[in-house]
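# Results of the structural survey
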Amino acid sequence: MQIHAVSAQEWEAARQKLLVKEKELTHARDALAAERRRMPWLAVEKNYVFEGPRGKASLLDLFEGRHQLIVYRAFYEPGVFGWPEHACRGCSMVADQVAHLAHLNARDTTLVFTSRAPQADIARLKARMGWEMIPWYTITDSFDADFDVGEWHGTNVFFRDGNNMYRTYFINNRGDEQMGGTWNYLDITPLGRQEVWEDSPDGYPQTPTYKWWNWHDSYVEGAAPDKRWVEVSDAGEAAFRKQSGSAKP
């Protein structure tokens with residue numbers, strides 16, 4: 001490996017040149033998410049049944065009362081390499097990267113994993129791997145085949161309107177690589193991050209940027225944004241905009 005060291009000025013110039021392309025990519029990603037929020041929805045017609053830690057559960061139950069549901073199909077079951085000590089190595093990497101779910105829950109979104117392993121094996125695996133936070137259900141019917149995850153991993157997104165459910169998005173293959181972080185999960189949901197800067201259809205819920213953020217152990221449903229945090233985030237945003245405005249093109 002050849003090392004090419006430069007001066008601080010040359011390094012900063014190279015970084016600024018690349019930053020232009022990185023910002024273009026960020027804006028393109030935001031535009032793609034806005035288009036995703038306008039995708040048509042597919043009604044879920046079947047009644048699917050899962051096994052959970054507390055017994056049988058319907059797809060509606062998996063929402064846990066929220067409007068958005070993200071379902072990752074993991075491969076942990078007989079016939080999968082590693083069984084029964086481990087799940088698929090790729091699916092395990094996805095599970096290792098899942099951020100604290102309190103932040104998704106605060107945006108009216110539930111994330112669950114599913115596979116065909118019995119609950120006793122799932123409980124043992126979660127304890128061994130440190131995945132206790134992730135709700136994990138056992139598929140008992142044609143859910144995986146019906147939603148394109150019968151033979152390969154993938155992430156389905158659903159929306160609940162009362163008792164009516166709709167499939168709104170699906171991503172698999174290398175698309176699953178980006179999953180795990182709160183922002184990337186929210187960007188594939190029909191409501192998005194629900195912040196005022198987003199290009200979303202009229203009537204979609206949106207709140208001021210930054211203001212809903214909280215420590216993962218401190219979210220309180222329906223609570224107003226913390227006054228001190230509003231002051232801190234306002235000051236930070238103002239400083240950021242000032243810096244961006246003075247940056248050279």
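Conventions adopted
Residues numbered from 1 in each chain as written. Predicted model: local features only at pLDDT ≥ 70, side-chain atom pairs only at ≥ 80, totals over all residues. Heavy atoms only, no water. Phe/Tyr/Trp six-rings, centres within 6.5 Å; stacked < 30°, edge-to-face > 60°. Buried < 20%, exposed > 50% of the residue type's maximum accessible area, 1.4 Å probe, protein only. Lys NZ or Arg CZ within 6 Å of the ring centre and 35° of its normal. Core = buried A, V, L, I, M, F, W, Y, C linked by side-chain atoms within 4.5 Å. Helix = DSSP H or I, 4+ residues; strand = E, 2+ residues; numbered from the N terminus. Contact = heavy atoms within 4.5 Å.

## A short note on the packing of aromatic side chains
According to the stated counting rule, one finds 16 aromatic pairs in the structure shown. With a centroid separation of 4.9 Å and an interplanar angle of 50 degrees, the aromatic rings of Tyr-76 and Trp-83 are classed as tilted. Among the residues examined, Trp-83 registers a relative accessible area of 25% and is labelled partly exposed. Arg-36 extends its terminal NZ or CZ atom over the ring of Tyr-169, reaching a point 4.8 Å from the ring centre. One cation-aromatic arrangement involves Arg-107 over Trp-212; the distance from NZ or CZ to the ring centre is 4.2 Å.

## Comments concerning the nonpolar core
In globular proteins that are soluble, nonpolar side chains generally tend to be buried together. Counting 29 residues, the largest nonpolar core has Tyr-76, Val-98, Leu-111, Phe-113, Trp-136 and Tyr-185 as the members making the most contacts within it. Only strand S4 (68-73), helix H3 (89-96), strand S5 (109-115), helix H5 (119-129), strand S8 (164-172) and helix H7 (182-187) provide two or more residues apiece to this core. Tyr-185 has contacts with Ile-70, Val-98, Leu-104, Leu-111, Met-179 and Gly-180, leaving out every residue within four places of it along the chain. In this structure, Ala-57, Leu-59, Phe-63 and Met-165 belong to the second largest nonpolar core, which totals 16 residues.

Everything listed is a geometric property; what it means functionally is a separate question.
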